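# A structural walkthrough
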Amino acid sequence: MKLGIVGLPNVGKSTLFNSLTKAGAESANYPFCTIDPNIGIVAVPDERLKLLGDMYHSKKVTPAVIEFVDIAGLVKGASKGEGLGNQFLSNIREVDAIVHVVRCFEDANVVHVDGSINPMRDIETINLELIFSDIEILERRIAKTGKAARMDKSLAKEAALLEALKAHLEEGKLARSYVTDDEDELALLNSYNLLTYKPVIFAANVGEDDLANDGADNEGVAKVREFASETGSEVFVICAQIEQEIAELDEDEKAMFLEDLGLSESGLEKLIKASYKLLGLHSFLTAGEDETRAWTIKMGTKAPQAAGKIHTDFERGFIKAEVVNYKDLLEQGSLSAAREKGLVGMEGKDYVVKDGDVILFRFNV
């Protein structure tokens, strides 16, 4: 999974990126200190892996990973070259979802590019810049497709879609609010990699005082939540500064620090939950002496396609999947003991893989 981080300058974007990835991206109290896109790979915390790895004495334990891409802050007029312009947006066109960091904290020591704290104005500013960037993409596509459509009538449908989509964006609407039931059009929409077509997770960045109650008393957070609900987005509340402090601690210290703050999970864990929910993802597991590993798949994925995540040969030559829930496996202490208790199922091609399934695939090629 790949997530792109966007936001205005000085909203806590790079601080959040640092805390999530411990990659040490430069962070300072002035706009545009992030000039090149920062990329960090983060392991998805999963206690099930450690427990299974210990049980099997696995030589290697491999978690699922998320790739974060952090780009320079956007400002109003970025599409016209204001600030650093919008050239860095190309770095996040390939991401699965966008993490939009919104400043919901007051701090006289951290300047705001627009002079005051107003989360909804900031969201609108970023959305407009993303819309302008998408219009540029569509205009290039229209020029190319329109010319080709004169020679190839089969491209007429796409040419019409591009024009309709451009008109939709020019009304200030996001691409993901464009409604169509046509499967061909949906496939084309997915292929364009439009930024405003991607699902969004809002990271409401609050001060420490608002963290323990999840921003319940913060007016800005309430407005972000309302907007997210209207647009089918996810929200999580974070204090990027606190997250950066947490990132420096070992696991035991981290647990104590979170407890002192009245928190049950870190911002990274909140973000992972929000992104998995938004994208409809979960994980199945494989376990053994050589390796215990988590594999991220779409909910509703059937056994052969899940096998294909490991290797295309597994999908091509799929015979059966030997499936046991990880809790049952841990309780019984071994796969053979779980088999004896009738807890292991032999599943065929129509089996829909569940979160926490531990699977041994049988295949022949």
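So, here's what we can say about the structure. (Residues numbered from 1 in each chain as written. Predicted model: local features only at pLDDT ≥ 70, side-chain atom pairs only at ≥ 80, totals over all residues. Heavy atoms only, no water.)

### Topic: the side chain of T62
The following threshold applies: A run of H or I in DSSP becomes a helix once it reaches four residues, and a run of E becomes a strand once it reaches two; helices and strands are each numbered from the N terminus. Only protein chains enter the accessibility calculation, which uses a 1.4 Å probe; a residue is then buried when its area is under 20% of its type maximum, exposed when over 50%, and partly exposed in between. Whether two residues are in contact is decided by their heavy atoms: any pair within 4.5 Å suffices.
Position of T62 among the secondary structure elements: in strand β3 (residues 60-62). Under the relative-accessibility criterion, T62 is labelled buried at 17%. In contact with T62, other than residues within four places in its own chain, are L49, E291, T292, R293 and A294.

### As for the layout of surface pockets
Basically, it comes down to this: Both site types are read off a 1 Å grid over the protein atoms alone. A 1.4 Å probe that fits but cannot get out defines a cavity, while an open set with protein on both sides within 12 Å along at least five of seven lines defines a pocket; lining residues have an atom within 4 Å of a point. Grid points are joined across faces, edges and corners, and a volume is the space filled by probe spheres set on the points. Each residue is assigned to one of three groups, with Ala, Val, Leu, Ile, Met, Phe, Trp, Tyr, Cys and Pro labelled nonpolar, Asp, Glu, Lys and Arg labelled charged, and all others, Gly among them, labelled polar.
What the largest pocket holds in volume is close to 1,000 Å³. Taken together, 35 residues form the lining of the largest pocket, with V44, P45, D46, E269 and I272 sitting closest to its centre. Among the secondary structure elements, those contributing two or more residues to the lining of the largest pocket are α1 (13-21), β2 (38-43), α2 (47-56), α7 (240-247), α8 (251-260) and α9 (267-279). Among the residues forming the lining of the largest pocket, the class breakdown is 17 nonpolar, five polar and 13 charged.

### Re the pairing of strand β6 (residues 200-205)
Here is the rule: A pair of strands counts as paired when DSSP detects no fewer than two bridges linking them.
Among the six residues in β6, six count as buried, and that is most of the element. Burial along β6 is two-sided: the face carrying V200, F202 and A204 and the face carrying I201, A203 and N205 are both buried. Relative to β6, strand β5 (residues 97-103) runs parallel, the two being bridged by six bridges. Across the sheet, residue V102 finds its bridge partner in β6, namely A204.

### Points about empty space enclosed by the protein
Using the criterion set out here, one finds one cavity of 30 Å³ or more in the structure. Of the volumes computed, that of the largest cavity is approximately 30 Å³. Lining the largest cavity are L211, V237, I238, C239, E243, L263, E265, S266, G267 and K270. Each residue belonging to the lining of the largest cavity can be placed in one class, and the counts come to five nonpolar, two polar and three charged.

### Re the packing of α7 against α8
For clarity, the cut-off: In this analysis an axis means a line fitted to C-alpha atoms, helices contributing only their contacting stretch, and an angle means the value between N-to-C directions, from 0 to 180 degrees. For this classification, under 35 degrees means roughly parallel, over 145 means roughly antiparallel, 65 to 115 means roughly perpendicular, and everything else is oblique.
Direction vectors running N to C along α7 and α8 enclose 150°, while the axes themselves pass 9 Å from each other. Relative to α8, the element α7 is oriented roughly antiparallel. Across from I242, E245 and I246 in α7, the residues of α8 making contact are K254, F257 and L258. In the contact of α7 with α8, the residues fall into four nonpolar, no polar and two charged.

These figures capture arrangement, not role.
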